[in-house]
Each structure stands twice: as C-alpha cells, then as structure tokens.
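# Structural overview
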Amino acid sequence: MIKYWLNILFLFTTLHLHSQMTVNRDSLRQVIATTKEDTSKINALWNLGFSYAFVHQDSAIQYASEGLELSKKISYVSGEALNSMVLGMAMTLQGNYTSALQYGFSFLTLAKKLRDSLLIMRANTTLEICYREQEDFAEALKYAFRAEAFSRSPAYSFFRPLILGDICVIYERMNRLDSALYYGLQSYKGIKDWSGIYLKLGVVYKKLNKPDSALFYFRAGVPLAQKYYIYIDLVDIYNEMSEVFQSTGNLDSAIYYGNKSIVQEGGLSYTEGRIRSVNHLATLYELVGQKDSSLKYYKLSLELDKKLFSRQKIREAQDFAFNEKIHQQELKAQQERNSNNIRLYGLSGIAIVLLSIAFILWRNNKQKQKAKARIETAYAELKNTQAQLIQAEKMASLGELTAGIAHEIQNPLNFVNNFSDVNTELIDELKSELATANLQLANEIADNIKDNQQKINHHGKRADAIVKGMLQHSRTSSGQKELTDINALADEYLRLAFHGMKAKDKSFKATTKTEFDNSIGKVSIVPQEIGRVILNLINNAFYAVNEKAKQNIPGYEPLVIVKTSLNPLLGGRGAVEIKIEDNGNGIPQKNLEKIFQPFFTTKPTGQGTGLGLSLAYDVVTKGHRGELKVETTEGIGTRLIVQLPKM
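So, here's what we can say about the structure.

Scoring rules and cut-offs
- Residues numbered from 1 in each chain as written.
- Predicted model: local features only at pLDDT ≥ 70, side-chain atom pairs only at ≥ 80, totals over all residues.
- Heavy atoms only, no water.
- Axes fitted to C-alpha atoms, helices over the stretch in contact; angles between N-to-C directions.
- Helix = DSSP H or I, 4+ residues; strand = E, 2+ residues; numbered from the N terminus.
- Parallel < 35°, antiparallel > 145°, perpendicular 65-115°, else oblique.
- Left-handed = near helix turned anticlockwise from the far one by under 90°.
- Contact = heavy atoms within 4.5 Å.
- Nonpolar A, V, L, I, M, F, W, Y, C, P; charged D, E, K, R; others polar.
- Polar contact = N/O pair within 3.5 Å; in protein donor to acceptor, adjacent residues only side chain to side chain.
- Expected span 1.5 Å × (residues − 1).
- Buried < 20%, exposed > 50% of the residue type's maximum accessible area, 1.4 Å probe, protein only.
- Salt bridge = Lys/Arg side-chain N within 4 Å of Asp/Glu carboxyl O.

### Notes on the packing of helix α7 (residues 97–114) against helix α8 (residues 117–133)
When two helices pack together, their arrangement is given by the angle between the helix axes and the distance between those axes. As a packed pair, α7 and α8 sit with axes 8 Å apart at the nearest point and diverge in direction by 165°. Here α8 runs roughly antiparallel to α7, going by the angle between their axes. Where α7 crosses over α8, the handedness of that crossing is left-handed. Counting all contacts with α7, which are made through Tyr-97, Ala-100, Leu-101, Gly-104, Phe-105, Phe-107, Leu-108, Ala-111, Lys-112 and Leu-114, the residues of α8 involved are Leu-119, Ile-120, Arg-122, Ala-123, Asn-124, Thr-126, Leu-127, Cys-130, Tyr-131 and Glu-133. A class-by-class count of the residues in the contact of α7 with α8 yields 14 nonpolar, three polar and three charged.

### Quick look at unusual backbone geometry
Despite not being glycine, Arg-115 has its phi angle at roughly 55°, a positive value. Among the structural elements, Arg-115 can be located in the loop between α7 and α8. For Asn-175, which is not a glycine, the phi torsion comes out positive at approximately 65°. As for its position among the elements, Asn-175 is in the loop between α10 (160–173) and α11 (177–190).

### Some thoughts on the packing of helix α6 (residues 77–94) against α7
The geometry of α6 relative to α7 is characterised by a closest axis approach of 8 Å and an angle of 155° between their N-to-C directions. Judged by the inter-axis angle, α6 sits roughly antiparallel to α7. The two elements α6 and α7 meet at a crossing, and its hand is left-handed. Residues Val-77, Ser-78, Glu-80, Ala-81, Ser-84, Met-85, Leu-87, Gly-88, Met-91 and Thr-92 of α6 form the contact with α7, whose participating residues are Tyr-97, Ser-99, Ala-100, Tyr-103, Ser-106, Phe-107, Leu-110, Lys-113 and Leu-114. Split into classes, the residues belonging to the contact of α6 with α7 amount to 11 nonpolar, six polar and two charged.

### Here we look at the side chain of Asn-239
Among the structural elements, Asn-239 can be located in helix α14 (residues 231–247). A polar atom in the side chain of Asn-239 sits 3.3 Å from the side chain of Ser-261. Not counting residues up to four positions away in its chain, the partners in contact with Asn-239 are Ser-261, Gly-273, Arg-276 and Ser-277.

### Quick word on α14
With 17 residues, α14 should reach 24 Å at 1.5 Å per residue; the first-to-last C-alpha distance of 25 Å fits that figure. With 14 of its 17 residues buried, α14 lies for the most part within the structure. Positive backbone phi, approximately 85°, marks Gly-249, located one or two places after α14.

### Focus on the pattern of salt bridges
Pairs can form between side chains of opposite charge once their charged atoms are near each other. Counted according to the given criterion, the structure contains 24 salt bridges. The residue Lys-73 makes a salt bridge to Glu-37 at a minimum N-O spacing of 2.9 Å. Separated by 36 residues along the polypeptide, Lys-73 in helix α5 (residues 57–73) and Glu-37 in the loop between α3 (25–34) and α4 (39–52) bring together distant segments of the chain. The class of Glu-37 is partly exposed, set by a relative accessible area of 44%. A salt bridge links Glu-148 to Arg-152; its shortest N-O distance comes to 2.8 Å. The class of Arg-152 is exposed, set by a relative accessible area of 57%.

Written out as structure tokens, the structure reads:
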C-alpha cells in the first residue's frame, strides 16, 4: 500500500491526476469525515491538499498540516513525507520561503529515511523550485541536477522531461538563453501534454526576440492549461502574449490578452501575477489614450502592492520578533555558561581534594578493611562529581542547542499567525452576512472561525511541546543504547549547530556539505550522548572557520563537511565512521597532544570550558568502545574522526 501511494504521488506531477483530483474533492472530504485516524485518512488529506496547491494555497496548507500531524501521531513516515511535500510546494507558491525550505528539507530527510529513490528525486525538485523562486540560482541548479541524475534511470525516465523543463526555467532566469533553449527543447521532446513546457519555451523565444515562435508556443499551451486547471500557467501565458503583442506594436491584441490574464478563474490568489497584469494594462491603456482605464488599473495595482507589502511586513515582523527572542535566549545562555564555569572550577577542586584524600587513605591507613571502605566511599563521591561535571557541560551545550532548536518553534507560530489572519477576514465576512440577514452562510462562516480557533490552539500546544522537547536535552541520559540512523542524527545536529552559530553571530557565514553513506543502516548507540559528541565537534569546526574568516584572507570561503562511511577494518568488528572536516587554521603541533585533556582550551576566557573534547573522547572510547582521532595540517584545516563499532 505504501509503495502504491508513492507512485501515485509522482503521477500527480504530470498534472493529469491533478485535474481529476480537483473534480473529486467532495469524495475526498467524505473519506476524511468518515474514516478513523489511519493511513487512509492521511492519504486523503495530502491528496486533497495537493489538489489545492496550485489554486488555493491556504486550503492546501490546512489539509496537509492536519495530515502531517496525524502521520506523526501514528508514526506513518510515508504520510509525513507526502504532506511535507505539499506544504513545501504551497509555501513556495505563497512566497513563504523560510517555511518552504524547512518542509522541503524535512521531505528530503524522510525520503532518505524511507530509502525511496522516487521520493528523493521529488524532494530535490521541491527544493530546486523553492531556491529558484528566491533567485538563488546556484542552489536551484544543484538540486535540479541531483533530480536529473535520478531521472536518467529507465525506471524514472517518465519524469525526466519535467525536470529538464525546470532546468530550462533556471537558465532562462539567469539569461543563459542558449542553455535554456537546449533544455527546453529536450523537455518538449519528452512531454507535449503539459502547458508548463509551452510557457517555458515561449518565454525563451520572447527573450531571443523571436515573437512568432514565442506566440506559437504560448497559444499551444493555453488549451492544456485550461484542460488541467493550471490557472497560474494561464495567467502567465496571457501576460507573456500581451507583452509580445505590445513589442510588435499590436496594442489591441496586447490589451485583449492583458484583460484575459486578469480575469482567470482560480488565479485570484496569484498576487504577483495579478500585479504584473494590472501594471501592464495600465501602461497599455495610457499608450492608447484611455486615461480613465489606465487610472483604474494604476489604483488596482496600488491596492495589490499594499496587500503584498502588508504580507511581507507581517513576515518581517514575525522574523524580527523571533530573532529578538533568540537573542534574549542567547544572553540567558551566556549567563548560565558563566555560572557553570564557576561551578566547574569548584567541582574540579573538590575532585582533586577527594582524589588526594583517597590516595592518602589508601597509602597510610593500616586497617585494610577500614581503608577499603573509605576508598570505596571516596570513589563513589568522585563518580558523583564526574557525573556533575558531565551534566554541567551538558547544560552548557544546551545554550548552544537552544538557538538552533528554537528555529523549529517558528513553524507553529506561523500557523497561529496565518489562521489568525484568516479569522480576521472571516469575521468581516460574517458581519457582512449578518447585515444582509443571511443566517445560513453566517453560521457556516462562524463554524469556520471555530475550526480555525481550534487549530490556533493546537499549534500553540505544539510550540509548547517543542520547548518541552528541547528541555529534554538537559536531563540525565539513561545510557540505554538504541538502534539509531547515524545519517539522520548527524544531519539534524549539523542544522542545529548552524542555526545556533547564526543566532549568536549574525555575520557568521559558512558552507556546509554532507556526504552520507546510505548503506550504513542503523547502529546501536546512546543517541543523546553521540548527538552531543557530534554537536561539540561541529561547533568546534564552525568556530575554527569563523576565526579564520575574520582574518580577511582573499578568496577564503569557510567550509565544514560532515561525512559518514563504513570501515570494515576496526578491530575486525567493522565500524561506522563519522568525519567532521573544516578548512580553518588547523591545530598547532604543540597543542595536538593536549586537546583531549580535561580543561584544556585555546578559546578566550568564558567561551570554552575545556571539557567538550575530553567528554566526547570518554563517550566514544569508554561508553561505545570506539575511537576518536584527529588529523590536522596547520593553516589548512582539521578532520576529526569518530569510529563506532557497527554492533
């Protein structure tokens, strides 16, 4: 059943089933209303969300969010992946790129967890589109060509034309028109029943100043966009045709297609396309001397600009409030770190005293039984002190994690704000219906307001749950080993470390790369302990490249790479290797033998306890029977290697 739904997902991307889904929304709603909380309901939710993704993003987000929550509740990983895909698509079309990337990367992680090449290919495409719409074309091409590599397989060749069409758009946006035309024509050879490729090729020929060819492809795309209800394509095609006719001096046709663009059913939520339409119409009517019509569209353009500006300002305000919250958390974390430093020095002194007492009692006490008892007591106190030292370092690392994990809180806050905005609009509609005594519609609107309030409450509780989950990091580990996905663990702590560093230092910049061996499988470890080891090593790498970046070396680009692989040679047992590499300044030879000693640090006072690498070494070598090695070249960079037994 899971494999069936994964294949249906990719058939949707061809847009044939998208139109069928638009027709069958009522039957999907019936399934959702009558089905218990199981995989059938989840599949209906993401299917319904997908059907709205291109025409009504708020509805798509509503259904996919419900599907995502239910998937997590019953541990349905495929449902999490599919609903994350819909959310990433809808957020991209809304222009909410921060949340879109969050869901896109979540989709990619889940796809890799499922080890399904189809989903991995689609996840790369989702991220490519999001980066493309942000005009980050370098990242967009990276993910597009990753997806294209999958499409070379005969099993996935059906999807290759769609991916080639996306590459065409990226090159067109970069004004690399020869490359755009090449990939566009390659896409056209493989799929001719898709309005998108006609739009893409028409735009390329328009930029190449070939209006006849451009109009040929635009006209061919219109019936396909109408057939499959792709309203966004219709808006863009009519806009493009209007501009082509204007460039050739045919203003009547330009006005005709400009008006067709602005009245497209389902295109009303496409604010950017409507702004382009009304601005163009205002200019056209001014050119033909119809001042009243020109003024009308200029006014409409101002209203749409205000709407778009208002939406942007709301998101900026949310980002500002969130960043300020992270800043306050950082200040609190720094205060706690300073307090922990004092406690660490005090506990270290106590440990030394206890060791001295134990040694003296062992050497000088003539009564062996009493000496043994006292030594055992001192040893127990020493172990307790050691546990307190580890917990203190753990609390210090909590400050590092807080900023990264707090980034996750922004998602439910976005939902709370979005549903609040929708309720504000619904209340205005309710007042209007009450004024006209339309009680039936008024009651329906009131029910919608009630549903949205419940969702606001739900996502508020979800934010609370995230905070509580974050605090779990500060609790003492049970030490119980679990089968854990090392790749997912490393990827999670890489992202958390990056967000934490970024929150502390807004000027921090570094490129991160991952090279994960998907054949590793799950490894028996204590995930909390190994997670803290990975976090500590990545934080050290970020600190190293950041310090080197401050030297303003020409051409230097900070880079941190996290790799995983299998090493069959370790002790004859086989091992998993985790490598954290940086291109910082490296470790001086004189310090190399000291880096795993407790309390040794090269960081300024207050910025390091000197316990991170020492505790990491103990966790790996004593707690997991592994090895922790360092390879470094002064001035070039450092590689730290964690080797863990496979079993």
